[in-house]
Amino acid sequence: MKTGVLALQGSFYNHVQSLEFIDQDYVLIKDTTDLSSVNSLILPGGESTSMIKIQENNDLFSAIKKLIESGIPTLGTCAGLILLAKDVIDGETSLGVLNTVVERNAYGRQNQSFEGLVNLLGNKEMYCFIRAPKILSYEDSVTPIATIDNEVVGVIENNIVGLSFHPELTNDKVYLDWLSSFLKDGVNVRSL
Amino acid sequence: MKIESTFKIKKGLAEMLKGGVIMDVVNAEQAVIAEKSGAVAVMALERIPADIRAEGGVARMSSVETIQEVIDSVSIPVMAKARIGHFVEAQMLESLGIDFIDESEVLTPADDKNHIYKHDIKTPFVNGATDIGEACRRIGEGAAMIRTKGEAGTGNVIEAVKHMRSMTDGINKIKTSDQNELMSLAKEIRAPFDVVKEIHELGKLPVVNFAAGGIATPADAALMMQLGCDGVFVGSGIFKSGDPKERAEAIVIATTNYNDPEKLIEVSKNLGEPMVGINIDDLDEAEKLAKRGW
């Protein structure tokens, strides 16, 4: 079985590189027909408005939503988090499977984009925030897993993880080890 | 701890634009059409390249009002052009909060020898290149993204194809060279050694490489993607065509599905008239924009 990487637009080859580092088979997802052998999912960074537009005529997102709701491990980074979020400020709700409120470009424009020291599951690493979305609030079913200066920048809810930043541009060992266990043993994601 | 505008952050925005289409727009109305059609970014311009070509005169950075109008109208990244070597235009674009600066041969150059030293500006830069040596020089100066020059405003893709093929040949040459040969190769292509060494180690350019200059149809966009580009700029091709919205959407879908002829056929139906093109052979040497830049 393979990890499906949404490949409409954005940093999907960067995520593919992460998967190659951990020897995880993958398939690029551009159409519903690409989803048949997928048992985990990655939604990359990029422009959420563009991704939503590209898939609108082929029902790709409704098929992806069903897959996520079936419980497969799903990771969204930056634009991927926006696609997952139930409520989006200054943007459109699309998949709406993660009980968070997210604001697009809330850290500012590109000149305010930054590398920041993130505490991800107890480990500190510099990660890239690029015109990043902000997690404004989340419901009780959602647990924070990443913070920067006490602000939540990553969450998990059951099988779904959303991050404001781009671990796929860093590929540090702690992230790759976590990714490997998340994608391969998704049933235990909560205990992470 | 937060550090703004590192080179990794500059390159990172270009990584996020991959697989996407960046569209030239001259006002808020066009910018909104571009965003709704699925553009990943817009380029705010006073005049599109086809009009600059037709009207002549000195082409400069767009007016502050035009740029501000476009910034205010969309939520996707906004790019704008500065003249080659005009670091004050770049400083102004940085202060305006532009997301990416294109140091562009489409505008009239301001310096006949030097490009902008781009590391000093917070905003990332994209630069045009016709071959690997030129790409390496621009990366050495701090460009966070490269694009082919093509021949802007012609609706003719031949020059973009030529530049992309030349780039790929150059990368392959560096990749397959023995490391003892790298310095001599760097000298030959007039490229900074460090950048050549990095390409040798990575096996590819260290920054994203888009196609630009003459892309007018979904098939043109797919052609450039199959040749190995990371995404496309479409300048005059959209808003000089019969039905800009339809064409913009079609080029976006074609850029994602560049390997799928059936999808390309589907989006190429009922597009209306493409922009009228120009044969490159009909241009005087002095009219060729790709010759600008050093």
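Scope of this entry: the structure provided in the associated data block. Residue positions are given per chain, counting from 1 as you read along its sequence in written order. Lettering of chains starts at A and numbering of ligands starts at 1, both following the order in which they are written. Restriction of local features to residues with pLDDT of at least 70 applies here, the model being predicted, together with a cutoff of 80 or more for giving and counting side-chain atom pairs; totals for whole chains, interfaces and linings are based on all residues. Hydrogens and waters are ignored; side-chain quantities use all the structure's heavy atoms.

1. Comments concerning the pattern of salt bridges
Using the following cut-off: Any carboxyl oxygen of Asp or Glu that lies within 4 Å of a side-chain nitrogen of Lys or Arg is treated as forming a salt bridge with it. Think of it this way: any DSSP run of H or I at least four residues long counts as a helix, any run of E at least two long counts as a strand, and we number them from the N terminus. Here's how the labels work: a residue is buried when its accessible area is under 20% of the maximum for its type, exposed when over 50%, partly exposed in between, all with a 1.4 Å probe on protein chains only.
Using the criterion set out here, one finds 29 salt bridges over all chains in the structure. As a salt-bridge pair, Arg138 of chain B and Glu141 of chain B come within 2.8 Å of each other at their nearest N and O atoms. One end of the pair is Arg138 of chain B and the other is Glu141 of chain B, both in helix H6 (residues 132-141) and 3 residues apart, which spans about a single turn. The two residues Arg138 of chain B and Glu141 of chain B agree in class, both being buried. In this structure, Glu285 of chain B and Lys291 of chain B form a salt bridge, with 3.4 Å as the shortest nitrogen-oxygen distance. Take Glu285 of chain B: its relative accessible area is 46%, and that puts it in the partly exposed class. A relative accessible area of 53% means that Lys291 of chain B is categorised as exposed. Counted as one network, the salt bridges with shared partners bring together Lys53 and Glu56 of chain A together with Lys245 and Glu249 of chain B.

2. So, the packing of aromatic side chains
Our working definition: Each aromatic pair joins two rings of Phe, Tyr and Trp (for Trp, the six-membered one) with centres within 6.5 Å, and gets the label stacked for planes under 30 degrees apart, edge-to-face for over 60, and tilted for any other angle. Charges are assigned to positions over rings by a cutoff of 6 Å between ring centre and Lys NZ or Arg CZ, combined with an angular limit of 35 degrees from the ring normal.
Within this structure, the stated rule accounts for 9 aromatic pairs over all chains. Judged by centre distance (5.5 Å) and plane angle (45°), the rings of Phe129 of chain A and Phe165 of chain A are tilted. Remark: Phe165 of chain A occurs in the loop between strand S12 (160-163) and helix H5 (173-184) and Phe129 of chain A occurs in strand S8 (residues 123-129); sequence separation between them is 36 residues. A cation over an aromatic ring shows up here: Lys134 of chain A above the ring of Tyr107 of chain A, its NZ or CZ 4.7 Å from the ring centre. Directly above the ring of Phe125 of chain B sits Lys118 of chain B, whose terminal nitrogen or CZ lies 5.9 Å from the centroid.

3. Quick look at the sheet that holds strand S9 (residues 134-138) of chain A
All names here are of chain A. Quick reminder of the rule: Paired strands are those between which DSSP finds at least two bridges. Lines fitted to C-alpha atoms define the axes, with helix axes restricted to the stretch in contact, and inter-axis angles between N-to-C directions lie between 0 and 180 degrees.
Read across the sheet, 3 strands follow the order S5-S6-S9 without closing on themselves; strand pairing throughout is mixed. The open sheet has two edge strands, strand S5 (85-89) and S9, and neither has a second partner. Here the strands of the sheet are splayed against their neighbours by 30° on average, with no regard to which way each runs. When strand S6 (residues 98-103) meets S9, the two strands line up antiparallel, connected through 4 bridges.

4. Digging into the sheet that holds strand S5 (residues 100-104) of chain B
Residues and elements named next belong to chain B. For clarity, the threshold we go by: Residues are treated as being in contact if the distance between any of their heavy atoms lies within 4.5 Å.
The strand order across the open sheet built from 8 strands is S8-S7-S6-S5-S4-S3-S2-S9, with neighbouring strands paired in parallel fashion. Only two strands of the sheet have a single neighbouring strand rather than two, namely strand S8 (208-210) and strand S9 (232-234). Looking at each pair of strands side by side, their axes are set apart by 30° on average, direction ignored. Direction of pairing for strand S4 (residues 78-83) relative to S5: parallel, over a ladder of 5 bridges. Opposite Lys81, over in S5, you have Asp102 as the bridge partner. Here H6 sits on the sheet in contact with strand S6 (125-129) and strand S7 (145-148), set at roughly 160° to S6.

5. Let's talk about a nonpolar patch on the surface
All names here are of chain B. For the record, the criterion: Patches here are clusters of residues that have more than 30% relative accessible area and form no salt bridge, with a 9 Å joining cutoff for like charges and a 5 Å cutoff for nonpolar side chains (Val, Leu, Ile, Met, Phe, Trp, Tyr). Each accessible area is a Shrake-Rupley estimate made with a 1.4 Å probe; only the visible protein chains count as cover when residues are assessed.
A surface patch of nonpolar side chains, about 330 Å² in accessible area, is lined by Val64, Phe87, Val88 and Met92. With 3 residues, helix H5 (residues 87-96) is the single largest residue contributor to the nonpolar patch. Tracing the backbone shows Val64 in helix H4 (residues 64-73).

6. Focus: H5 of chain B
Residues and elements named next belong to chain B. Selection rule: Here, the arc refers to the directions that run from the helix axis to the C-beta atoms.
Those residues of H5 that sit buried are Glu89, Ala90, Leu93, Glu94 and Leu96. In an axial view of H5, the angular spread of the buried residues amounts to 160°, which keeps them on one side of the axis. Two residues or fewer after H5 comes Gly97, characterised by a positive phi angle close to 85°.

7. What to know about the nonpolar core
Stated precisely, the cut-off is as follows: What makes a nonpolar core is a set of buried Ala, Val, Leu, Ile, Met, Phe, Trp, Tyr and Cys residues whose side-chain atoms join them at distances within 4.5 Å.
Judged by nonpolar contacts, the single largest core of 84 residues is most densely connected at Leu6, Phe61, Ile64 and Leu95 of chain A together with Ile67, Leu93 and Met224 of chain B. Ranked by the residues each element gives to this core, the list is headed by helix H12 (residues 244-256) of chain B, at 6 residues. Once residues within four sequence positions are removed from consideration, Ile67 of chain B is found in contact with Ala44, Met61, Ser62, Ala80, Leu93, Leu96 and Ile98 of chain B.

8. Considering the interface of chain B and chain A
Selection criterion: Note: buried area is the sum, over both parts, of the accessible area (probe 1.4 Å) each one loses when the two are combined. Polar contacts here mean pairs of N or O atoms no more than 3.5 Å apart (in protein, one a potential hydrogen donor and the other a potential acceptor; neighbouring residues in sequence count only if both atoms are side-chain atoms). Throughout, the ten residues Ala, Val, Leu, Ile, Met, Phe, Trp, Tyr, Cys and Pro are labelled nonpolar, Asp, Glu, Lys and Arg are labelled charged, and all others, Gly among them, are labelled polar.
Listed per partner, the contact involves 43 residues of chain B and 39 residues of chain A. Here chain B meets chain A over a buried area of about 3,200 Å², counting both sides, of which 52% is carbon and sulfur. Viewed at the interface, chain A and chain B are joined by 4 salt bridges. Of the charged contacts, one joins Lys263 of chain B and Asp31 of chain A as a salt bridge, the two residues approaching to 2.6 Å between their closest N and O atoms. Joining chain B to chain A, the criterion identifies 29 residue pairs in polar contact (both at pLDDT 80 or more). Going through the elements one at a time, strand S1 (2-4), helix H1 (7-17), helix H2 (28-36) and H12 of chain B are the ones with two or more residues in the side of chain B that touches chain A. Among the elements that line the side of chain B that touches chain A, the one with the most residues is H1 of chain B, at 8 residues. Within the side of chain B that touches chain A, the residues separate by chemical class into 17 nonpolar, 12 polar and 14 charged.

9. A closer look at the environment of Glu157 of chain A
Residues and elements named next belong to chain A. Within the fold, Glu157 resides in strand S11 (residues 151-157). Along the backbone, Glu157 and Glu139 are 18 residues apart, and their C-alpha atoms lie at a distance of 9.4 Å. For Glu157, the contacting residues outside a window of four places in its chain are Val97, Leu98, Asn99, Ser141 and Val142. Of note is the side chain of Glu157, whose polar atom sits 2.7 Å from the side chain of Asn99.

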